[in-house]
Structures are given as structure tokens and as C-alpha cells.
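# Inside the fold
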Amino acid sequence: NAGVTQTPKFQVLKTGQSMTLQCAQDMNHEYMSWYRQDPGMGLRLIHYSVGAGITDQGEVPNGYNVSRSTTEDFPLRLLSAAPSQTSVYFCASSQGLRPAGGPYEQYFGPGTRLTVT
Amino acid sequence: TQLLEQSPQFLSIQEGENLTVYCNSSSVFSSLQWYRQEPGEGPVLLVTVVTGGEVKKLKRLTFQFGDARKDSSLHITAAQPGDTGLYLCAGNGIKAAGNKLTFGGGTRVLVKP
């Protein structure tokens, strides 16, 4: 299993450009999430999905769109990049909630480092 | 919005010393997870605690979930250089989806040989 893969690893955009960060998992996980990580701020949830065709907003959704047409893929789109979106982006997948309580482990991809100039 | 505050933000100790990292909130969480992240990589799960007062041990690491499920701590005994990394706590709110986690700001731990 490749686990969670993300492409690209690095990206530089100019303000106003759009792009899609790709995320794929081969573990047949229903749950997938996108986070951004800024220095000193931990990870903040952007959007998440609990299954194909179902997405919802996290803590910081503005400026980002997602869709989930298949179980495997969960792309993140930046519509019009801004310098405030300079960050490291992580995609994660998991099985959801354990019957005994608490979430299953989230498996994270290696991240995409995005710089917007 | 549920917030998780971690303290300290940075900890530098010598090999063999003990350390404790704290994760606090004013909100109740149904569960808390601890992750460790190394440079250039994604976080990796260490433990999940779900019951108030629960204590879990993972070799030299001891995790505790507060009785009121608002706080947690991570204690490392006899730290080793391999324990160096960013430690993150993450809370799952009551009735929240399993992947709707709130992360703390992280504690960066440096263990010097």
C-alpha cells in the first residue's frame, strides 16, 4: 500500500493563480481531510469528507473548494491564490469512528509546501 | 470553536531527563489523540484516549486524559534523542465526525545527547 499520496511536493504560485492539490489513498478509507499547517499554529482543518459525494467545511474553508467523486481521491482547489495561503498542506484519511469510541488513526500524506508570491 | 492550547511551545532537555507536555481546553472533548511529527513529514498517531481519567502507557511515554475530558498530558521518562519532534494533541468534539479534529499549536521537543 502506498498509503496517502500528495502531489505536488512543492509549488510556487503568483497571487490570483488557481491550482489543485491532489490527494489519493489506497486504504479504502471513507473519511478524508485537508489541513494547513502554519508555524506555531498546529494543523487547522480546511475541509473534510465522510464519504464519496459528501463534504463539509472545517475551521478555515474560505478560498478553498473540495469535491469527493471517488473514495480514493480528495482534491483541494485554490480558486485565486493569496499570500495568506502560503502554508504546508496535509491530506489525511481514516476509517472514522471506532465502535468503542474515539476516532480511528488519521494517516497523513507527506504534505505540499505552497508559496504564494 | 473549540480550542486546544499546548504548553510549553518549546522544550529543550538533556538525554535522560523527564518531560511533560500539556494540552488544555475550556471545552469537553469525546476523545483526544496525540501525534508526533518529524520535519518534512506528516504527523503519526501515538495514542487515542477516550475515557475521563484514562491513563495509557507506550514504553517510556505516559498519556493521561483529564477527568472532565478537557485536558490531557504527555509525560516522557528518560528522554532519548529519538524522542525529538513536534508533539501535537488533537481533540474530537462531542458528536463530531471522526475526522473533524481540533489540533493544538504543538510542542517542539529537542532532546540533546
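As the structure is a prediction and not an experimental result, all values here were calculated from the model.

### Some details on the overall build of chain B
- The number of helices and strands found in chain B is zero helices and 11 strands.
- Mapped in sequence order, the helices and strands of chain B form the string β-β-β-β-β-β-β-β-β-β-β.
- For 113 residues, the compact-globule estimate of 2.2 N^0.38 gives 13 Å, and chain B sits close to it at 13 Å.
- Each principal axis of the C-alpha distribution contributes one length, and for chain B these read about 45 × 30 × 20 Å.
- The buried share of chain B, taken over its 113 residues, is 49%.
- Accessible surface for chain B amounts to roughly 5200 Å². Of this, 49% is attributable to carbon and sulfur atoms.
- Between the centroid of the 11 positive side chains of chain B and the centroid of its 9 negative side chains there is a distance of 6 Å.

### Section: the interface of chain B and chain A
- Taken residue by residue, the interface counts 23 residues in chain B and 27 residues in chain A.
- Interface area, chain B with chain A, both sides summed: about 1900 Å², of which 56% is carbon and sulfur.
- Among the residues chain B hides against chain A, the three largest losses belong to Gly98(B), Asn99(B) and Phe103(B). Together they make up 28% of the total.
- For the pair chain B and chain A, the interface holds four residue pairs in polar contact (both at pLDDT 80 or more).
- Of all the secondary structure elements, the ones that give two or more residues to the side of chain B that touches chain A are β4 (29–37), β5 (44–49), β9 (85–93) and β10 (101–103) of chain B.

About the thresholds
- Residues numbered from 1 in each chain as written.
- Chains lettered and ligands numbered in written order.
- Predicted model: local features only at pLDDT ≥ 70, side-chain atom pairs only at ≥ 80, totals over all residues.
- Heavy atoms only, no water.
- Helix = DSSP H or I, 4+ residues; strand = E, 2+ residues; numbered from the N terminus.
- Rg over C-alpha atoms; globule rule 2.2 N^0.38 Å.
- Buried < 20%, exposed > 50% of the residue type's maximum accessible area, 1.4 Å probe, protein only.
- Areas by Shrake-Rupley, 256 points an atom, 1.4 Å probe, with all protein chains shown as cover.
- Lys, Arg positive; Asp, Glu negative; His and termini not counted.
- Charge placed at Lys NZ, Arg CZ, Asp CG, Glu CD.
- Contact = heavy atoms within 4.5 Å.
- Buried area = accessible area lost by both parts, 1.4 Å probe.
- Polar contact = N/O pair within 3.5 Å; in protein donor to acceptor, adjacent residues only side chain to side chain.

Purely geometric numbers; function is a separate question.
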